[in-house]
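# Survey of secondary and tertiary structure
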Amino acid sequence: GENVEQHPSTLSVQEGDSAVIKCTYSDSASNYFPWYKQELGKGPQLIIDIRSNVGEKKDQRIAVTLNKTAKHFSLHITETQPEDSAVYFCATHRPPSKLTFGKGITLSVRP
Amino acid sequence: NAGVMQNPRHLVRRRGQEARLRCSPMKGHSHVYWYRQLPEEGLKFMVYLQKENIIDESGMPKERFSAEFPKEGPSILRIQQVVRGDSAAYFCASSPTGQGASEKLFFGSGTQLSVL
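Below or above, wherever it landed, is the structure these notes cover. (Residues numbered from 1 in each chain as written. Chains lettered and ligands numbered in written order. Predicted model: local features only at pLDDT ≥ 70, side-chain atom pairs only at ≥ 80, totals over all residues. Heavy atoms only, no water.)

### Quick word on the overall build of chain A
A tally of helices and strands in chain A yields zero helices and 11 strands. When the helices and strands of chain A are read in sequence order from the N terminus, they spell out β-β-β-β-β-β-β-β-β-β-β. Rg of the C-alpha trace for chain A: 13 Å, near the compact-globule value of 13 Å for 111 residues, within the 12% margin. Here the C-alpha coordinates of chain A stretch approximately 40 × 30 × 20 Å along the principal axes. In chain A, which comprises 111 residues, the share counted as buried stands at 42%. For chain A, the computed accessible surface area is about 5500 Å², with 48% contributed by carbon and sulfur atoms. (Helix = DSSP H or I, 4+ residues; strand = E, 2+ residues; numbered from the N terminus. Rg over C-alpha atoms; globule rule 2.2 N^0.38 Å. Buried < 20%, exposed > 50% of the residue type's maximum accessible area, 1.4 Å probe, protein only. Areas by Shrake-Rupley, 256 points an atom, 1.4 Å probe, with all protein chains shown as cover.)

Here's what the structure looks like:
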């Protein structure tokens, strides 16, 4: 089955700095790659996604890049703010199956 | 437009009791997924259901766990004879019908199950 790994498990940055979170996967048939943000006491929320036919996608301060050859994709957050502090999960999808999630990374933004 | 509704938010059970977790998908969504989250762990897939059908239950433990999504009413995740190891946050998600239905998931706020 699919193996999705996230590194590191925790990340601390200064407010205003950029944060990059990397995710690797094993199933070359995966073709959809979302990122979810989970705040304390809440369910995960989709923040950005990318398909396998695209290399990069941007939405305001967040972007996702995909390297299909190397089987990794990354979440980039620029100008980080305290409200960006949360757990971030990457996931992969291989049709027609379900999403497979990584273990998550805890991002802390220091004011 | 209400999101995915899960209840209860917190559920306390003693060992050996039954736990019933409920999930109402977003309006217009006919696909429901259950995930379990343990501390320091990611979201582990349990089961994928459509109305009256179990599509994929590859993540469900073989014993004590069952799920249903009836024609009318919410989806139910049922855990019989709970043990301490069942303590976790259980999340329900739904997705719309159509192409890519199992991709974009909308999650509820979860049910935190504590087994004493």
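The structure having been displayed, the exposition proceeds.
### Some points on the interface of chain A and chain B
Residue-level contacts link 20 residues of chain A with 18 residues of chain B. At the boundary of chain A with chain B, total buried surface from both sides reaches about 1600 Å², with 50% on carbon and sulfur atoms. Ranking the residues of chain A by area buried against chain B places A:K98, A:F101 and A:K103 at the top, with a combined share of 32%. Our count for the contact surface shared by chain A and chain B stands at two salt bridges. (Contact = heavy atoms within 4.5 Å. Buried area = accessible area lost by both parts, 1.4 Å probe. Salt bridge = Lys/Arg side-chain N within 4 Å of Asp/Glu carboxyl O.)

### Focus on the state of the cysteines
Within this structure, the stated rule accounts for two disulfides over all chains. Shown here is the disulfide that connects A:C23 with A:C90, its sulfur atoms set 1.9 Å apart. Disulfide A:C23 to A:C90: torsion about the S-S bond roughly 60°, handedness right-handed. Of this pair, A:C23 sits in strand 3 (residues 19–25) while A:C90 sits in strand 9 (residues 86–93); the two residues are 67 residues apart in sequence, bridging distant segments of the chain. Between the sulfur atoms of B:C23 and its disulfide mate B:C92 the distance is 1.8 Å. Here the disulfide of B:C23 and B:C92 is left-handed, its torsion about the S-S bond being about -55°. Separated by 69 residues along the polypeptide, B:C23 in strand 3 (residues 19–24) and B:C92 in strand 9 (residues 88–96) bring together distant segments of the chain. Both residues of the pair, B:C23 and B:C92, count as buried. (Disulfide = S-S within 2.5 Å.)

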